[in-house]
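Remarks on the overall topology
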Amino acid sequence: MDYLQQAVKAAKEDMKNGGGPFGAVIVKEDQIVAAVGNTVTSEVDPTAHAELRAVRVACQKLGTLDLSECEMYTTCEPCPMCLGAILWANIKKVYYHSTHEDASKNGFSAEKLISYFNGEKSTDIEFVQICDHKEAEELWGTN
Ligand SMILES: [Zn+2]
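The sections below set out a description of the structure shown in this document. For clarity, every value in this text was computed on a predicted model and none was experimentally measured.

Quick notes on the overall build of the chain
A count of helices and strands for the chain gives six helices and four strands. For the chain, the sequential pattern of α-helices and β-strands runs α-β-β-α-β-α-β-α-α-α. Across its three principal axes, the chain shows a C-alpha extent of roughly 55 × 35 × 25 Å. Residue burial in the chain is summarised as follows: out of 143 residues, 34% are buried. Contacts spanning at least 24 positions in sequence make up 48% of the contacts within the chain whose residues lie at least 6 apart. About 9600 Å² of surface is accessible on the chain, with carbon and sulfur atoms providing 53% of the total. Taking the average place of the 13 positive charges on the side chains of the chain and the average place of its 22 negative ones, the gap between the two points comes to 7 Å.

See the structure below:
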């Protein structure tokens, strides 16, 4: 079975609901455990990228946070957010078709994130660490 073709099929399914042209499949031992599209628009969720959703579905289906025995097939090179999910889940191999440049040419730019993680550009987000907060420290269970 052509897993990339299955990712394209998942993308097309969610495009019917207004999703972007992105799909991802996760495979373990030659079995598909997740095949989903992008639902950013339909779910009004900027994190609902196909790759991230596929990680969620595969982890829930397999009952594990470790997908190191799985491979991902995706219609586009994963953005930095999805790369984070792939790293958290320990996926070791990702097959993709289109590149970031292809996505950008078609109105789906991840340049802001890519520039930030490449150290080329800072964000306009202000991060403020609050050091003296007992309730937050208690969450670590060491106090
Ligand atoms: Zn993404």
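Considerations on the coordination of the zinc ion
Distances from the zinc ion to its protein donors, H49 (ND1), C79 (SG) and C82 (SG), fall at 2.0 to 2.3 Å. Of note, the zinc ion draws all its donor residues from one chain, in the sequence arrangement H-x29-C-x2-C. Residues C79 and C82 agree in their burial class; the two are buried.

Digging into the packing of aromatic side chains
In this structure the tally under the stated criterion is four aromatic pairs. Ring centres of Y73 and Y95 lie 4.5 Å apart, and the angle between their planes is 15°; on these two criteria the pair is classed as stacked. Here Y73, found in strand β3 (residues 70-76), pairs with Y95, found in strand β4 (residues 93-98); they are 22 residues apart in sequence, far enough to count as distant. By relative accessible area, Y95 is classed as partly exposed at 31%. Note on Y116 and F117: the rings are 5.1 Å apart at their centroids and 75° apart in plane angle, and the pair reads as edge-to-face. Take F117: its relative accessible area is 57%, and that puts it in the exposed class. Among the aromatic residues, ring-to-ring pairing joins Y3, Y73 and Y95 into one connected group.

Here's the deal with the sheet that holds β3
The four strands are arranged β2-β1-β3-β4 in an open sheet whose pairing can be described as mixed. At either margin of the open sheet sits one strand with a lone partner, and together these are β2 (31-37) and β4. For this sheet the average axis-to-axis angle between neighbouring strands, irrespective of direction, equals 15°. Across the sheet, helix α2 (residues 50-62) is in contact with β1 (23-28), β2 and β3; its angle to β2 comes to roughly 140°.

Focus on helix α1 (residues 3-15)
If you check α1, its first and last C-alpha atoms are 18 Å apart, about what 13 residues at 1.5 Å a residue would give, namely 18 Å. Restricting attention to buried positions, one finds in α1 the residues Y3, A7, A10, A11 and D14. The buried residues of α1 occupy an angular sector of 100° when the element is viewed end-on, so they sit on one face. Pointing more than 90 degrees away from the buried face of α1 are the exposed residues Q5, K9 and K12. Among the structural elements, β1, β2, α2 and β3 are those in contact with the buried residues of α1.

Cut-offs and rules
- Residues numbered from 1 in each chain as written.
- Predicted model: local features only at pLDDT ≥ 70, side-chain atom pairs only at ≥ 80, totals over all residues.
- Heavy atoms only, no water.
- Helix = DSSP H or I, 4+ residues; strand = E, 2+ residues; numbered from the N terminus.
- Buried < 20%, exposed > 50% of the residue type's maximum accessible area, 1.4 Å probe, protein only.
- Contact = heavy atoms within 4.5 Å.
- Areas by Shrake-Rupley, 256 points an atom, 1.4 Å probe, with all protein chains shown as cover.
- Lys, Arg positive; Asp, Glu negative; His and termini not counted.
- Charge placed at Lys NZ, Arg CZ, Asp CG, Glu CD.
- Donors = N, O, S within 2.8 Å, 3.2 Å for Na, K, Ca; no water.
- Phe/Tyr/Trp six-rings, centres within 6.5 Å; stacked < 30°, edge-to-face > 60°.
- Pairing = 2+ DSSP bridges.
- Axes fitted to C-alpha atoms, helices over the stretch in contact; angles between N-to-C directions.
- Expected span 1.5 Å × (residues − 1).
- Arc of directions from axis to C-beta.

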